[in-house]
Amino acid sequence: MAPDAPVPPGGPTAEDAPPPPGAVEPPPRRWGELVLALATTALGVYVLVAAGSITVPGSSNTLGPRAFPYLVGGMLVAAGVVLVVLILSGRTGQEEGGEDVDPSVRTDWLTVVLLVVILVVHVFAINAVGWPFAAALLFGGAAVVLGARPWWRAALAGLVLGLVIQVIFGGLLGLSLPAGPLLEGVPFLRG
Amino acid sequence: MDNFSALIEGFATVLHPMYLLYALFGVFVGTAVGVLPGIGPAMTIALLLPLTYSLEPTAAIIVFAGIYYGGMYGGSTTSILLNTPGESASIVTAIEGNRMARAGRGAAALATAAIGSFVAGSIATVALTFLAPVVAGWAVQLGEPDYFALMVVAFVTVGALLGSSVPRGLASLSLGLFLGLIGTDTLTGQQRFTFGVPNLADGIDVVVVAVGLFAVGEAVYVGSRMRHGPIRVIPVEKGWRTWMKRDDWRRSWKPWLRGAAIGFPVGTIPAGGADVATFLSYAAERRLAGPRRKQFGKGAIEGVAGPEAANNAAASGVLVPLLTLGLPTTATAAIIIVAFQSYGIQPGPMLLQNESSLVWALIASLYVGNLMLVVLNLPLVGMWVKVLRIPRHYLYAGILLFGALGSYALNFAPVDVLLLVLIGLIGFFMRRYGYPVAPLVVGMILGPMAEDRLRRSLAISQGDLSYLVTSPFAATAYAAIIVLLAVGIWLKRRERAEEA
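Values in this document were obtained by computation on a predicted structure and should not be read as measured data. (Residues numbered from 1 in each chain as written. Chains lettered and ligands numbered in written order. Predicted model: local features only at pLDDT ≥ 70, side-chain atom pairs only at ≥ 80, totals over all residues. Heavy atoms only, no water.)

Caption draft 1: Quick look at the interface of chain B and chain A. Every contact between the two is made by 84 residues of chain B and, on the other side, 83 residues of chain A. Considering only the side of chain B, the residues that lose the most area to chain A are Arg-225, Leu-401 and Tyr-433 of chain B, jointly responsible for 10% of the buried surface there. The interface formed by chain B and chain A contains one salt bridge. The partner of Glu-33 of chain A in a salt bridge is Arg-168 of chain B, and the shortest N-O contact between them spans 2.8 Å. Those elements giving two or more residues to the side of chain B that touches chain A turn out to be helix H7 (166-181), strand E2 (191-192), helix H8 (206-224), helix H16 (392-411), helix H17 (414-432), helix H18 (438-460) and helix H20 (472-499) of chain B. Here the residues of the side of chain B that touches chain A sort into 48 nonpolar, 21 polar and 15 charged. (Contact = heavy atoms within 4.5 Å. Buried area = accessible area lost by both parts, 1.4 Å probe. Salt bridge = Lys/Arg side-chain N within 4 Å of Asp/Glu carboxyl O. Helix = DSSP H or I, 4+ residues; strand = E, 2+ residues; numbered from the N terminus. Nonpolar A, V, L, I, M, F, W, Y, C, P; charged D, E, K, R; others polar.)

What follows is the structure, given as structure tokens:
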């Protein structure tokens, strides 16, 4: 196994001069990272075990449907074990940067949970109230969670966006987006 | 001259007014979405896939070509005018271009990036025109073990080179391979890892995975660590006279040509894609700058011109293995394969014969799209600046909405959107802990193909494993892996040392 790329001394590279140097950040994220590495290993073990129960038809005399899964399972276990060792020895990963990512703030878990909840609600709302309203819920909800104020402007924007997409994609391009019980019978919304 | 007439025919198709409109639409939307921060070309195409579901294949491919190039142009605008680097391929541009913009030379930086992209993109498209038929003709002679060897090369380079950590890349790749296993085995008809769920018997749709990882995962990740406060876009001086002065042209044209010469070959080999090309070009320009070397890091125009040219040339180079071998070497290329597949078109050595008119229309539309972009990009800078100012909460809410729409539109089944959320959550954790997501997508798309080739090879040889390595091509490929890995890791190290 090739050794992991060494993390330069002083933690993550601070290439942007303006913000205060984030070098004084001890690795508080080791637990979550360890869980992810262990999950990778566990998935690999599961793949190895489950591969054994794939039915092999008698006709295939050479490489059957089990061989590749064994290989994949082995790779998962290998990668997972190496990562666990690396993390335990203190060499944690470098999280991804980005234009809108603030490297100096800690993860806001509440936002993550709320976004996932809104997405799940959106999924169940599609059939219940129709796609345009489910879309309004998703857009407005996500925007408010991410900091849009006042909330009613975000909700209004979501509603307009949902209806516009419904008209363009459902009405004009023929995607069968369900308009929902409220808009049943409006001709230009039908997919 | 057979290919030449085929290309002329491709132009005849593309210059049809309707298709010109599609191309214009593609480059426009591609640039607009590419300008949006946090959205790279892979995510642009993944998000816009649903837009093209109702188009006929030729129109859709032309739109994709426009989006592909447009996304590249848009990305450089973002990195020059916004004060933090985004899309990985343009990080070096961000260093030099951003410094230039801060010094009040933003227009010149944008102009040299756009014109350089046009020059290098056009040269690379010419190279693609001549190289693709040659490679395809040669690829037809490859046997099953040769293809398997090629795919192993792609797995190893993509897993090890796309991202900063080799084991994390490998884990991501393996996860993709696992997702590719889910479904019904094509050769024996056995169900694998379907957990008894009937929906999984057809496998997981790659579009859901790609959109989930790139769009939902990114939006949730940015949401968890959002940069608040005003968005600082560097103002650009008005008027075309400020674009480029005589001296800027004199300093730019050689880096453009060198960028094209570096970018295209690097793009064609599976060595990490545009990132490596831009970095190599930047290093070359700095070395050749002579007395001007001390300007580098403070806003040297050569440091924008070269890497931007290399970036676009590499984007064309990537299309060579994609169209002739069906081999994706970057995340964006993997998404393009998905787009092709959604139209029932399988990229590979037979593509140029079976879908000749489509391929030549695609190549012709690259020429046309490039021209449109260089014409569009500079006069519309004011509009792109407005796009850059979109409030972030609306931007990421919109990304989530379009991602959800895209997966719902696949089968009109809410289950797909639920799966999207799950994949998005995986994408979030991968980003947070530094796992690259690109190898996952590549693994999921290439995995089933590789398994197929491997098993066919061994069926031919009746289980003799040595058959896999005895063909001269396959042996060369396995030897090349070792060289590519050594060179690639060395480059990554230098890149990191340079950035630090």
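Caption draft 2: Quick look at the nonpolar core. Membership of the largest hydrophobic core comes to 213 residues, with the highest contact counts inside it found for Trp-131 of chain A together with Tyr-68, Phe-214 and Ile-399 of chain B. It is helix H5 (residues 91-139) of chain B that contributes the most residues to this core, 16 residues altogether. Two domains share this core, each providing at least three of its residues, namely domain 1 (22-88) and domain 2 (109-189) of chain A. Residues within four places of Ile-399 of chain B in sequence aside, it is in contact with Ile-39, Met-43, Leu-47, Ala-215 and Ala-219 of chain B. In terms of nonpolar packing, the next biggest core, distinct from the first, is built from eight residues, Val-266, Val-276, Phe-279 and Leu-491 of chain B among them. (Core = buried A, V, L, I, M, F, W, Y, C linked by side-chain atoms within 4.5 Å. Buried < 20%, exposed > 50% of the residue type's maximum accessible area, 1.4 Å probe, protein only. Domains from an automatic or database assignment.)

Caption draft 3: Region of the structure containing the packing of helix H4 (residues 57-81) of chain B against helix H14 (residues 356-377) of chain B. All names here are of chain B. With their axes 9 Å apart at the nearest point, H4 and H14 run at an angle of 35° to one another. Relative to H14, the crossing made by H4 is right-handed. Contact with H4, carried on its side by Pro-57, Thr-58, Ile-61, Ile-62, Ala-65, Tyr-69, Gly-70, Tyr-73 and Thr-77, involves Leu-358, Ala-361, Leu-362, Ser-365, Leu-366, Asn-370, Leu-373, Val-374 and Asn-377 of H14 and no other residues of that element. In terms of residue class, the contact of H4 with H14 is built from twelve nonpolar, six polar and no charged. (Axes fitted to C-alpha atoms, helices over the stretch in contact; angles between N-to-C directions. Left-handed = near helix turned anticlockwise from the far one by under 90°.)

Caption draft 4: Representation of the environment of Ala-157 of chain A in the model. Residue and element names in this part refer to chain A. On the secondary structure map, Ala-157 appears in helix H5 (residues 151-172). With relative accessibility at 29%, the residue Ala-157 sits in the partly exposed group. A C-alpha to C-alpha distance of 8.0 Å links Ala-157 and Phe-139, two positions 18 residues apart in sequence.

Caption draft 5: Here's a closer look at the environment of Val-135 of chain B. All names here are of chain B. Within the secondary structure, Val-135 sits in helix H5. Looking at Val-135, the relative accessible area reads 15%, which means it is buried. Residues within four places of Val-135 in sequence aside, it is in contact with Val-320 and Thr-324.

Caption draft 6: Spotlight on the packing of aromatic side chains. Within the structure shown, the criterion is met by 16 aromatic pairs over all chains. Judged by centre distance (6.1 Å) and plane angle (15°), the ring pair of Tyr-46 of chain A and Phe-195 of chain B falls under stacked. Here Phe-195 of chain B lies in the loop between E2 and H8 and Tyr-46 of chain A lies in helix H1 (residues 30-51), a pairing that spans two chains. Grouped by ring-pair contacts, the aromatic residues Tyr-46 of chain A together with Phe-178, Phe-193 and Phe-195 of chain B constitute a single cluster. Lying over the aromatic face of Tyr-435 of chain B, Arg-168 of chain B brings its terminal NZ or CZ to 5.9 Å of the ring centre. The cationic tip of Arg-453 of chain B hangs over the ring face of Tyr-147 of chain B; the distance from NZ or CZ to the ring centre is 4.3 Å. (Phe/Tyr/Trp six-rings, centres within 6.5 Å; stacked < 30°, edge-to-face > 60°. Lys NZ or Arg CZ within 6 Å of the ring centre and 35° of its normal.)

Caption draft 7: Geometry of unusual backbone geometry. Look at the link from Arg-149 of chain A to Pro-150 of chain A: it is a cis peptide, with omega at -10°. When you line up the elements, Pro-150 of chain A lands in the loop between helix H4 (131-145) and H5. With phi around 50°, Phe-193 of chain B is a residue other than glycine that occupies positive phi space. A positive phi angle is found at Phe-412 of chain B, which is not glycine, with a value near 55°.

These figures come from the coordinates and say nothing about function on their own.
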